[in-house]
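Residue-level listing of the chains:
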Amino acid sequence: MITVPAKRTYRLAEVSANIIDQCVAQGVPFARDYGGLLDNRSFGGVQVSRTFYARGQTGQQLLLGAYSALMRQVGKGAVQMYDRHEMLDVVVVDGKARGIIARNLITGEIERHGAHAVLLCTGGYGNVFFLSTNAMGSNVTAAWKAHKRGAYFGNPCYTQIHPTCIPVSGTHQSKLTLMSESLRNDGRIWVPKNIEDAKAIREGKKKGSDIAEGDRDYYLERRYPAFGNLVPRDVASRAAKERCDAGFGVNKTGEAVYLDFSAAIERYGKLEANVKKIENPSKEKIIELGRAVVSEKYGNLFDMYENIVGENPYDHAMKIYPAVHYTMGGLWVDYNLQTTVPGLFCLGEANFSDHGANRLGASALMQGLADGYFVIPYTVGDYLADDIRTGPIDTKRPEFDAAEKEQKDRINHFLNNKGTKPVDDFHRRLGKVMWDKCGMARNAQGLQEAITEIRQIREEFYRDVRVPGKNSEFNQELEKAGRVADFLELGELMCMDALNRNESCGGHFREEYAETDGPQQGEAKRDDANYAYVAAWEWTGDAGKANLHKEALVFDEVKLTQRSYK
Amino acid sequence: MGNMKLNLKIWRQAGPNDKGQMKDYPVSNVSEDMSFLEMLDVLNDDIVRKGDDPIAFDHDCREGICGSCSLFINGEAHGPGKGITTCQLHMRRFKDGDTIHVEPWRAQAFPVIKDLATNRSAFDRIQAAGGFVSINTSGNLVDGNAVPIPKDDADKAFDAATCIGCGACVATCPNGSAMLFTAAKVSQLSLLPQGKPERKRRALAMVEQMDKEGFGNCSNTGACEIECPKNISLEHIARLNREYLAATVTKE
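J.: Explain the environment of Tyr298(A) to me, please; I cannot follow it from the model alone.
T.: All names here are of chain A. By the secondary structure assignment, Tyr298 is in helix H8 (residues 283–309). Take Tyr298: its relative accessible area is 2%, and that puts it in the buried class. In the structure, Tyr298 is positioned 111 residues away from Gly187 in sequence and 11 Å away in space, judged by C-alpha atoms. If we ignore the near neighbours within four places in the chain, the residues touching Tyr298 are Ser182, Leu183, Asn185, Asp186 and Phe261. Only 2.6 Å separates the side chain of Tyr298 from the side chain of Asp186, close enough to count as a polar contact.

J.: For this particular structure, what's the right way to read the interface of chain A and chain B?
T.: Note: interface size is frequently given as the accessible area lost on complex formation between the parts. On the side of chain B, 69 residues touch chain A, which itself brings 65 residues to the contact. Contact between chain A and chain B buries roughly 5,500 Å² in total, counting both sides, with carbon and sulfur atoms accounting for 53%. Area buried by chain A at its contact with chain B is led by Arg32(A), Arg72(A) and His172(A), which between them contribute 13% of it. When the shortest N-O distance is used, the salt bridge between Arg84(A) and Asp58(B) registers 2.8 Å. On the surface where chain A and chain B come into contact, there are 32 residue pairs in polar contact (both at pLDDT 80 or more). The dominant element in the side of chain A that touches chain B, judged by the number of residues it contributes, is helix H2 (residues 58–76) of chain A, at nine residues.

J.: I tried to follow a nonpolar patch on the surface on my own but got confused; where do I start?
T.: A cluster of nonpolar side chains, contributed by Leu553(A), Phe555(A), Val558(A) and Leu560(A), occupies part of the molecular surface with about 310 Å² of accessible area. By the element assignment, Leu553(A) lies in the segment after strand E16 (547–552).

J.: Explain the nonpolar core here, please?
T.: Within the largest apolar cluster, 124 residues are counted, with the highest numbers of intra-cluster contacts made by Leu120(A), Leu183(A), Leu344(A), Met434(A), Phe461(A) and Leu490(A). Once residues lying within four places of it in the same chain are set aside, the contact partners of Leu490(A) are Tyr125(A), Val128(A), Val140(A), Trp144(A) and Phe153(A). Core analysis: the next-biggest nonpolar cluster, separate from the first, contains 32 residues, Phe72(B), Cys163(B), Val170(B) and Ile232(B) among them.

Cut-offs applied
Position labels on residues start from 1 in each chain and follow its written sequence. Working convention: letters from A go to chains and numbers from 1 go to ligands, in the order in which they are written. Totals for whole chains, interfaces and linings use every residue, but because this is a predicted model, local features are given only for residues with pLDDT of at least 70 and side-chain atom pairs only at 80 or more, for both listing and counting. Excluding hydrogens and water, the side-chain values take into account all heavy atoms of the structure. Every helix listed is a DSSP run of H or I at least four residues long, and every strand listed is a run of E at least two residues long, numbered separately from the N terminus. Any residue under 20% of the maximum accessible area for its type is buried, any over 50% is exposed, and the rest in between are partly exposed; the area is computed with a 1.4 Å probe on protein chains only. Should any heavy atoms of two residues lie within 4.5 Å, those residues are considered in contact. Nitrogen and oxygen atoms within 3.5 Å of one another constitute a polar contact, given that in protein one can donate a hydrogen and the other can accept it, and given that sequence-neighbouring residues count only through two side-chain atoms. Two parts lose some accessible area (1.4 Å probe) when they are put together, and adding that loss for both gives the buried area. Definition used for salt bridges: Asp or Glu carboxyl oxygen within 4 Å of a side-chain nitrogen of Lys or Arg. In this scheme, patches are assembled from residues that exceed 30% relative accessible area and form no salt bridge. Like charges are connected within 9 Å, while nonpolar side chains (Val, Leu, Ile, Met, Phe, Trp, Tyr) are connected within 5 Å. Only the protein chains shown count as cover for residues, and all accessible areas are computed by the Shrake-Rupley method using a 1.4 Å probe. For the purposes of this section, nonpolar cores are sets of buried Ala, Val, Leu, Ile, Met, Phe, Trp, Tyr and Cys residues that join through side-chain atoms within 4.5 Å.

And the structure:
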């Protein structure tokens with residue numbers, strides 16, 4: 001027996017090779033070697049160079065490739081684009097998704113769109129943490145409304161925390177910037193060995209460069225000699241948290257570690273000197289040559305860092321800290337990417353599929369593109385075949401009336417609420433609860449507290465939020481209010497899911513469930529006997545009262561084992 | 001919070017048909033670690049608490065890749081600093097007591113939606129006119145390595161492909177021309193073998209759409225190159241001109 005999740009992942013592996021060919025054909029400028037063929041590099045979690053890339057912006061270039069392909073269809077009239085629109089609800093008629101309610105973000109008009117099938121490609125919900133590497137506009141609203149209309153939500157607590165982000169600088173912080181994972185190819189991560197040194201650095205009495213080589217703790221290389229700085233993201237993130245919690249952090253807040261390129265600069269400098277036939281190069285010459293190589297590889301990232309932090313990363317080791325980056329959880333889908341609501345499909349990060357509890361580098365792009373380019377064109381046709389004689393969907397039906405009224409009522413509530421605090425105030429508080437209690441490390445007590453706190457914030461939000469302006473205008477505060485209202489329900493479900501899963505796996509680390517001895521001491525401890533399942537939650541009318549359904553993970557050909565990065 | 005005090009002069013405009021005007025907003029407690037947009041967040045937070053209408057501005061990724069943010073600060077697209085978007089501009093570039101003028105992109109083809117947010121969908125329509133390679137997702141593909149691409153060509157195409165379509169080039173151009181944007185798209189695809197079969201049609205169609213949208217002509221002032229947050233070179237405009245000329249001359 002092969003279960004659906006395994007079949008889906010098998011298919012992903014099969015079609016993934018086509019993705020690169022498809023994108024090359026679209027004109028995506030992947031990196032090429034001097035021979036003219038596609039170049040590869042290494043990435044977190046693997047020990048071979050097998051990732052295709054486009055400098056430090058592969059995702060951006062793949063997105064622009066998809067955008068150009070979309071605009072071709074728009075130009076032909078095959079696709080009609082509604083930009084600056086937000087989906088507010090799914091309309092279900094006779095058990096099938098038959099359209100959506102949307103708001104025109106410029107005029108505020110509430111629109112009805114009838115459809116034979118609805119596809120959600122609405123991304124992840126990392127912004128429930130307020131601070132994340134996601135774009136500010138990313139939100140869960142479309143997926144959450146689908147959930148409330150009957151789509152199960154799969155593994156909501158599985159969140160990926162990315163190890164290489166620029167640390168938080170203050171309370172004004174609005175988002176966190178990811179430094180590309182490619183930096184871990186050449187950067188070495190460390191903190192001081194002696195806690196006094198770390199303290200001196202935090203107080204500004206010492207600099208990273210003052211710490212002698214022998215007094216540095218390259219903790220990833222120490223703990224994971226086989227993978228070193230290229231351990232998977234969850235492992236690297238937890239290791240950074242462990243050192244900082246123990247008092248070895250290297251910035252004012254104590255929540256930062258060094259990502260140091262001096263060794264790479266020296267290594268590349270020596271190679272370059274050989275290539276340039278410079279005999280007995282001086283140390284300065286080596287560094288000069290090495291910096292040029294590093295600048296060519298990562299120059300844009302170094303510039304970005306300097307802009308944000310105000311410190312030159314060639315002279316001083318970069319400071320980094322983990323940040324929320326990706327959500328493996330999402331709407332549950334079957335082999336055809338259909339949710340539990342017939343006619344409602346979900347693609348990409350918005351669904352829960354393919355990554356389990358831990359996504360490896362580059363595979364979000366792989367999944368998103370595979371779903372869109374190579375899976376849905378075939379599976380949605382299978383669904384539509386039965387609706388070939390249905391005709392246009394009548395948007396005057398009572399189901400549309402009811403859904404539209406619900407959304408209008410909610411908007412009116414926000415606008416007429418005589419509260420005192422802006423939306424972000426509540427979002428920040430929710431984010432802090434989530435980060436502290438449902439973030440890199442979780443425990444039962446913290447999760448229970450989090451659920452209580454989220455309920456309090458939610459109650460206060462509806463009572464005391466202030467949304468200025470009116471509906472019939474470009475109203476960014478109103479947009480945020482609706483999204484935060486949905487995050488306030490999702491957050492509770494994430495905590496419930498994390499509380500239910502009494503094991504540690506991938507991005508979900510429960511402090512009570514870690515290896516206590518042996519070579520894997522301190523690492524995540526799974527419980528395959530009891531938790532080898534997808535947790536698919538069903539909305540029952542109230543946040544906090546979701547029903548749990550279990551989809552078993554069955555493995556015939558391979559046996560579940562613990563992967564060692566030691 | 002920090003202790004910088006600033007005097008902001010910000011463009012307020014209720015909608016596309018409103019006349020609009022500059023308004024004064026004194027702000028204090030600005031930290032040099034804040035990004036420019038975070039400074040506006042702090043100001044907006046204050047405005048909302050007072051019960052007034054916050055300042056609308058476009059933003060999304062806040063790391064210089066989405067092309068949404070678009071502020072004209074002290075007469076410069078994306079403000080002071082080279083090779084950065086507004087969201088990558090940090091307050092350490094300003095001094096305590098500074099007066100800062102904040103305006104939207106100003107161009108006929110980019111009408112104001114509200115305050116500092118503008119409608120840049122004209123760029124979408126230029127892209128839709130020809131900024132693509134005509135292939136489908138039929139799975140009927142050739143191997144990405146079947147046609148080797150010289151590294152130099154791939155690198156040059158990449159330089160053009162870094163365009164994020166923010167519109168700084170248009171906003172900064174005295175003629176409101178979209179040549180740098182259009183050139184970046186044409187250049188990327190005409191440098192790659194995959195884009196070559198359609199190069200003539202593409203150059204003609206995209207330039208035609210650009211003119212139709214009401215963008216001005218290019219008079220080689222070079223301002224666009226200086227303000228482009230992705231440092232896209234004028235060379236691409238030269239390449240677009242060559243592509244366009246060749247396409248016009250050989251048109252059937």
